[in-house]
Amino acid sequence: MTTGLSRRPLQQWEVRRQRAVKLLARRPHAAPPLEFLLELLPLQSELFRWSTEAEWPGAIVTGAGDDTPKLRLDALSIDLLVPRFATFLEGLLPHSPDVLAEIGAGVQAREPTQRALLKHYLAGQDLSEIAAGLDCEARQLEFFPRAFMQPIAEALARDTAVPEDWQENFCPMCGRLPQLALLRDDAAARGRRLLVCGLCASEWTFRRGVCPHCGEERPGQLFIHSVPDPTHVYVDECKSCSAYLKTVDLRKDGLAVPLVDEIATVELDIWAEERGLWKIQPNLLGM
Ligand SMILES: [Zn+2]
Ligand SMILES: [Zn+2]
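Because the structure is predicted, anything quoted here is derived from the model rather than measured.

A few points about the coordination of the zinc ion (ligand 2)
At step 1: Donor atoms from the polypeptide that coordinate the zinc ion (ligand 2) comprise Cys 211 (SG), Cys 214 (SG), Cys 238 (SG) and Cys 241 (SG), at 2.2 to 2.3 Å from the metal.
At step 2: Coordination at the zinc ion (ligand 2) comes from four donor atoms whose angles at the metal span 106 to 113°, giving a geometry best classed as tetrahedral.
At step 3: In the primary structure, the donors to the zinc ion (ligand 2) are separated according to the pattern C-x2-C-x23-C-x2-C. One end of the pair, Cys 211, is in the loop between strand 3 (203–205) and strand 4 (222–225); the other, Cys 238, is in strand 5 (residues 233–238), and 27 residues separate them in sequence.

This is the structure in structure tokens:
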């Protein structure tokens, strides 16, 4: 039976799934990442449910300083996570693109590799050495612990309020980088800009007209690149540091689901890359 607490957040996974189905029909050029996302979402939603019911002592820091992330990912029990990680890989690999399936099979083959990978990822450490042992690149290997930890971190983060005065360019909950920005009207502010975490999906207010990477705020250095379709997703470029991230404007499309729409607008990433820009946080599917 679903508890009152988890019922609503669990619906978010269904909302994401339905949005991916809708965008798949509308944006055939984005079919490969969307089809893969549709395989991934049910596995993630199951991990989310599991995480809400598991005990995670020490995972949330209370009373920490105002500039300290609240979630202690490195305090999570690896012993508890590893068996789940193995099950996750088992469910995912048959549906993965060839390159990922091959790397994933290497991870799946050895329990110590799974353990080391999770440990390094949760501590925010470099994955290069483990990647070299699997004959792949660290950024490819990162997909597995990130896809696995996303719903668990999201479940952990949702019960703790984001500090209202948080002004950093990293997540107040887990300390990771923003995946995207969104704009929406709310009771307190019209066109409020929020950054969305690439791991735990927490949202925090961030000043408009400021680069979330280098802090540039001169208008002549910051550019918006939009396309005729879709109009609600565009690229925010900073000329000073060449970083970009995408913004999803929920005032233009109230039905958008930012994390899904971000993945479905792969053409904007290709355009930005051709222009020599780099993304503050590639999305889960590597774009
Ligand atoms: Zn986060
Ligand atoms: Zn910048």
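Observations concerning the side chain of Glu 216
At step 1: Relative to the elements of secondary structure, Glu 216 occurs in the loop between strand 3 and strand 4.
At step 2: On the basis of relative accessibility, which here comes to 10%, the residue Glu 216 falls in the buried class.
At step 3: Within the local environment of Glu 216, its side chain forms a polar contact with the side chain of Ser 240, the two groups lying 2.5 Å apart.
At step 4: Apart from residues lying up to four places away in sequence, Glu 216 is in contact with Gly 209, Val 210, Cys 211, Gln 221, Leu 222, Cys 238 and Ser 240.

Some words on the pairing of strand 6 (residues 243–249)
At step 1: Counting buried positions along strand 6 gives seven out of seven residues, so the element sits mostly inside the fold.
At step 2: The sheet contact formed by strand 1 (residues 178–184) and strand 6 spans three bridges and is parallel. Bridging across to strand 6, Ala 181 finds its partner in Thr 247.
At step 3: The pairing of strand 5 with strand 6 spans five bridges and is classified as antiparallel. Within the sheet, the bridge partner assigned to Asp 236 lies in strand 6 and is Leu 245.

Focus: the domain arrangement of the chain
Accessible area lost upon the coming together of the parts serves often as the stated size of an interface.
At step 1: The domain boundaries assigned to the chain delineate domain 1 (4–157) and domain 2 (178–279).
At step 2: Taken together, the contact between domain 1 and domain 2 spans 20 residues of the former and 21 residues of the latter.
At step 3: Summing both sides of the interface, domain 1 and domain 2 together bury roughly 1500 Å²; the carbon and sulfur share of this comes to 64%.
At step 4: It is Arg 16, Arg 19 and Arg 27 that lose the most area in domain 1 upon contact with domain 2, and together they represent 35% of the buried surface on that side.

With respect to the coordination of the zinc ion (ligand 1)
At step 1: Protein coordination at the zinc ion (ligand 1): the donors are Cys 171 (SG), Cys 174 (SG), Cys 197 (SG) and Cys 200 (SG), at 2.3 Å from the metal.
At step 2: The site at the zinc ion (ligand 1) holds four donor atoms, and with the angles between them running 98 to 119°, its shape is tetrahedral.
At step 3: Between the donor residues of the zinc ion (ligand 1), the gaps in sequence give the motif C-x2-C-x22-C-x2-C. You can see Cys 174 sitting in the loop between helix 8 (143–157) and strand 1 and its partner Cys 197 sitting in strand 2 (residues 192–197), a full 23 residues away along the chain.
At step 4: Classification of Cys 174 as buried rests on a relative accessible area of 9%.

Analysis parameters
Residues numbered from 1 in each chain as written. Chains lettered and ligands numbered in written order. Predicted model: local features only at pLDDT ≥ 70, side-chain atom pairs only at ≥ 80, totals over all residues. Heavy atoms only, no water. Donors = N, O, S within 2.8 Å, 3.2 Å for Na, K, Ca; no water. Tetrahedral: all angles 85-135°; square planar, octahedral: opposite > 155°, others 65-115°. Helix = DSSP H or I, 4+ residues; strand = E, 2+ residues; numbered from the N terminus. Buried < 20%, exposed > 50% of the residue type's maximum accessible area, 1.4 Å probe, protein only. Polar contact = N/O pair within 3.5 Å; in protein donor to acceptor, adjacent residues only side chain to side chain. Contact = heavy atoms within 4.5 Å. Pairing = 2+ DSSP bridges. Domains from an automatic or database assignment. Buried area = accessible area lost by both parts, 1.4 Å probe.

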